[in-house]
Amino acid sequence: MGAKTGLLVCADGDVPGLLRRVGAADPARTSGLMRRLYPGCDFEPRGDAELGDGVYPPKGTAYAACWPGVDVVGDQRVMIDSRPGSRSTW
């Protein structure tokens, strides 16, 4: 049995160290990131969630959070399927 993860993290330094220091996500930065990543798509903030719950969201759902120096997106569309004959949907 394996675990699936669709997680993309962009950071200005050591990701684990930065994530240990974050507090509440910045709603304005997070909304801006979502608008840039998914232009023309509708989205709505859902409030707080644990990172572990957002690493493999259902299809059509993306979780995101932004803090100074680190952005996190959980979405199946960022996954690379390494099975023979499979293609990425990104």
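Above this text sits the structure in question.
This report concerns the structure included in the present document. What you see is a predicted model; the values in this text were computed from it and never measured.

**Here's the deal with the overall build of the chain**
Inference 1: Counting its secondary structure elements, the chain contains two helices and three strands.
Inference 2: When each of the 90 residues of the chain is scored for burial, the buried share is 26%.
Inference 3: Approximately 6700 Å² of the chain is accessible, and the part contributed by carbon and sulfur atoms is 53%.

**A few points about the side chain of Asp71**
Inference 1: On the secondary structure map, Asp71 appears in strand β3 (residues 70-74).
Inference 2: Setting aside its immediate chain neighbours within four residues, Asp71 contacts Leu8, Val9, Cys10, Arg29, Leu33, Ala65 and Cys66.

**Let's talk about the pattern of salt bridges**
Inference 1: The tally for this structure, following the rule as stated, stands at one salt bridge.
Inference 2: For Arg77, the salt bridge goes to Asp75, with nearest N and O atoms at 2.8 Å.
Inference 3: Here Arg77 falls in the partly exposed class, since its relative accessible area comes to 31%.

**Some words on the environment of Ala24**
Inference 1: Tracing the chain through its elements places Ala24 in the loop between α1 (15-21) and α2 (27-37).
Inference 2: Ala24 sits 43 residues away from Trp67 along the chain, and the two C-alpha atoms are 8.0 Å apart.

**Concerning the pairing of strand β2 (residues 63-67)**
Inference 1: One ladder, built from five bridges, connects β2 with β3; its direction is antiparallel. Bridge pairing links Trp67 to Val70 in β3.
Inference 2: Turn length for the β2-β3 hairpin, with the two strands adjacent in sequence and antiparallel, is two residues, and the turn residue Gly69 shows positive phi of about 90°.

**Structural notes on α2**
Inference 1: What α2 keeps buried is the set Thr30, Ser31, Gly32, Leu33 and Met34.
Inference 2: Buried residues along α2 sit against β2 and β3.
Inference 3: A side-chain oxygen of the first residue of α2 lies 3.0 Å from the backbone nitrogen of Ala28; this N-cap is Asp26.

So, how was this worked out
- Along each chain, residue indices are assigned from 1 in the same order as the chain's sequence is written.
- Where totals are concerned, whole chains, interfaces and linings use all residues; where local detail is concerned, this predicted model gives features only for residues with pLDDT of at least 70, and gives and counts side-chain atom pairs only at 80 or more.
- In computing side-chain values, all of the structure's heavy atoms are included and hydrogens and water are not.
- Only DSSP runs of H or I covering at least 4 residues are called helices, and only runs of E covering at least 2 are called strands; the numbering of each starts at the N terminus.
- Accessible area is worked out with a 1.4 Å probe on protein chains only. A residue is then buried under 20% of its type maximum, exposed over 50%, and partly exposed in between.
- Accessible surface is estimated by sampling points in the Shrake-Rupley manner with a 1.4 Å probe; for residues, cover comes only from the protein chains shown.
- Any two residues whose heavy atoms approach within 4.5 Å at even a single point are treated as in contact.
- Take a side-chain nitrogen of Lys or Arg and a carboxyl oxygen of Asp or Glu: if they are within 4 Å of each other, that pair is a salt bridge.
- Two strands pair under a simple rule: DSSP has to find at least two bridges between them.
- Any pair of nitrogen or oxygen atoms within 3.5 Å is treated as a polar contact; in protein, a donor-acceptor pairing is required on top of that, and neighbouring residues in sequence qualify only through side-chain atoms on both sides.

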